[in-house]
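Structure at a glance
Single-letter residue listing:
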Amino acid sequence: MKKGKILGLMAMSAVLLAGCADAMPELTDDESELIAEYAADLLLKYSPNYDYKIAGEQELAEAMELDRLQQASLEAEGATETVPVEETTEIASEGNSEGANNNDNNDGQTPAETESTEVELINDIDADIAELLSIDNVVIRYQSFGLSSSYPEGSAGFSVTAAQGKTLLVVRFDVESAAGGAVECNLFDYNLKISMGVNGRSAQALSTLLPDDIASYMDTIPEGTTKELVAIAEIGEITDEEIESLSLQISNGADRCVLQLR
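No experiment lies behind these values; they were computed from the predicted model shown.

Attention now moves to the overall build of the chain. Helix and strand counts for the chain come out as 4 helices and 12 strands. Here the chain holds 262 residues, and 31% of them are scored as buried. When contacts within the chain are restricted to residue pairs at least 6 apart in sequence, those whose partners lie at least 24 apart make up 72%. When the accessible surface of the chain is split by element, carbon and sulfur atoms take 52% of a total near 17200 Å².

So, about the side chain of Q260. Structurally, Q260 is set in strand β12 (residues 256-260). A distance of 2.9 Å separates a polar side-chain atom of Q260 from the backbone oxygen of R262.

Attention now moves to the nonpolar core. The biggest cluster of nonpolar side chains holds 37 residues, and the ones touching the most others in it are V138, I140, F173 and L248. Of all the secondary structure elements, the ones that give two or more residues to this core are α4 (129-132), β2 (138-148), β5 (166-177), β6 (183-186), β7 (193-198), β10 (227-236), β11 (246-251) and β12. In terms of nonpolar packing, the next biggest core, distinct from the first, is built from 8 residues, Y151, V160, A162 and L210 among them.

Overall, antiparallel pairing links the 3 strands, which are arranged β2-β5-β10 in an open sheet. The outermost strands of the open sheet, each flanked by one partner alone, are β2 and β10. Across the sheet, the axes of successive neighbouring strands diverge by a mean angle of 20°, strand direction being ignored. Alignment of β5 against β10, held across 10 bridges, turns out to be antiparallel. Residue V170 lies in a different strand from β10, and its bridge partner there is I232.

In this fold, D128 is placed in the loop between β1 (119-122) and α4. Buried and unpaired, D128 has no salt bridge, with R141 as the nearest side chain of opposite charge at 5.3 Å. Setting aside its immediate chain neighbours within four residues, D128 contacts V138, V139, I140 and R141.

Here we come to the pairing of β7. The buried fraction of β7 is high, at 5 of 6 residues. In this structure, β7 lies alongside strand β8 (residues 201-204), joined through 4 bridges in antiparallel fashion. Along β8, the bridge assignment pairs G197 with S202. Between β7 and β8, which follow one another and run antiparallel, lie 2 residues, and N199 among them has a positive phi close to 50°.

Each value, and the rule that gives it
- Counting from 1, residues in each chain are numbered in the order their sequence is written.
- Thresholds applied to this predicted model are a pLDDT of at least 70 for local features of residues and 80 or more for the giving and counting of side-chain atom pairs; totals over whole chains, interfaces and linings are not thresholded and use all residues.
- Only hydrogens and water are set aside; all other atoms, that is, all heavy atoms of the structure, feed into the side-chain values.
- Each helix corresponds to a stretch of at least 4 residues labelled H or I by DSSP, and each strand to a stretch of at least 2 residues labelled E; elements are numbered beginning at the N terminus.
- Working definition: with a 1.4 Å probe on protein chains only, accessible area under 20% of the residue-type maximum means buried, over 50% means exposed, and in between means partly exposed.
- Contact definition: two residues touch when any of their heavy atoms are within 4.5 Å.
- Computed with the Shrake-Rupley method and a 1.4 Å probe, the accessible areas treat only the protein chains shown as cover for residues.
- Polar contacts, as counted here, are pairs of nitrogen or oxygen atoms within 3.5 Å of one another; within protein the pair requires one atom able to donate a hydrogen and one able to accept it, and residues that are adjacent in sequence qualify only if both atoms are side-chain atoms.
- Here, nonpolar core refers to any group of buried Ala, Val, Leu, Ile, Met, Phe, Trp, Tyr and Cys residues whose side-chain atoms link them within 4.5 Å.
- Any two strands are treated as partners once DSSP identifies two or more bridges connecting them.
- Note on definitions: angles span 0 to 180 degrees between N-to-C directions of axes, and those axes are lines fitted to C-alpha atoms, for helices only across the stretch in contact.
- Positive residues here are Lys and Arg, negative ones are Asp and Glu, while His and the chain termini are left out of the count.
- Think of a salt bridge as a Lys or Arg side-chain nitrogen and an Asp or Glu carboxyl oxygen that are within 4 Å of each other.

All we've got here are geometric facts, nothing functional implied.
Structure representation (structure tokens):
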């Protein structure tokens, strides 16, 4: 029945439009829009899939509130601006760019950590590192560095081996009593963080179980004895001749120093 009414309305409209085409008055935009809305309402009213009902005041208010929230959301998105993040670069030493490392590192080396403590730049490689870091009872001085595929070399016990395509950079230190007599040396409690700068890139020292690892060393240093301790970092394959600049950065959370080794 409803389908027949719709077809009848459409046929009647077609006849009226065809017979009166020459006499139809010119309509304004508002009048044309009103007629179109009325025709659409009739089609929806008799459509079998349309649930025709008059909206109440509460439904109308909810619809208006939803429209207002959607409009406010669109305006907020349009007003949002992207604020660029300013990168913080740390300069480890004058004439050396190791503190301003490139984050895109293909050989396992990473930029040095940025801390809030002051950096003391030391060009004297014979400086007492223990004094610079407020470490009691001992004197710590840089001794030498070397490149190796494993450490200790040829050891049958516990050792550290470089991954394929990598090299171990081994930095050695001399540690002795500051008072002349035997001293209890506990460097583990100082939470030392060590990194090496090689040709403008920084590599963090590995945490190892080696008995002579300077970051975890705890033992008695006898009177008149110098103990050799090490810090080891894994870097890309390189030769001694290819190392143009080399620096050592050590911190304990409160103090930090950088030694320019080459």
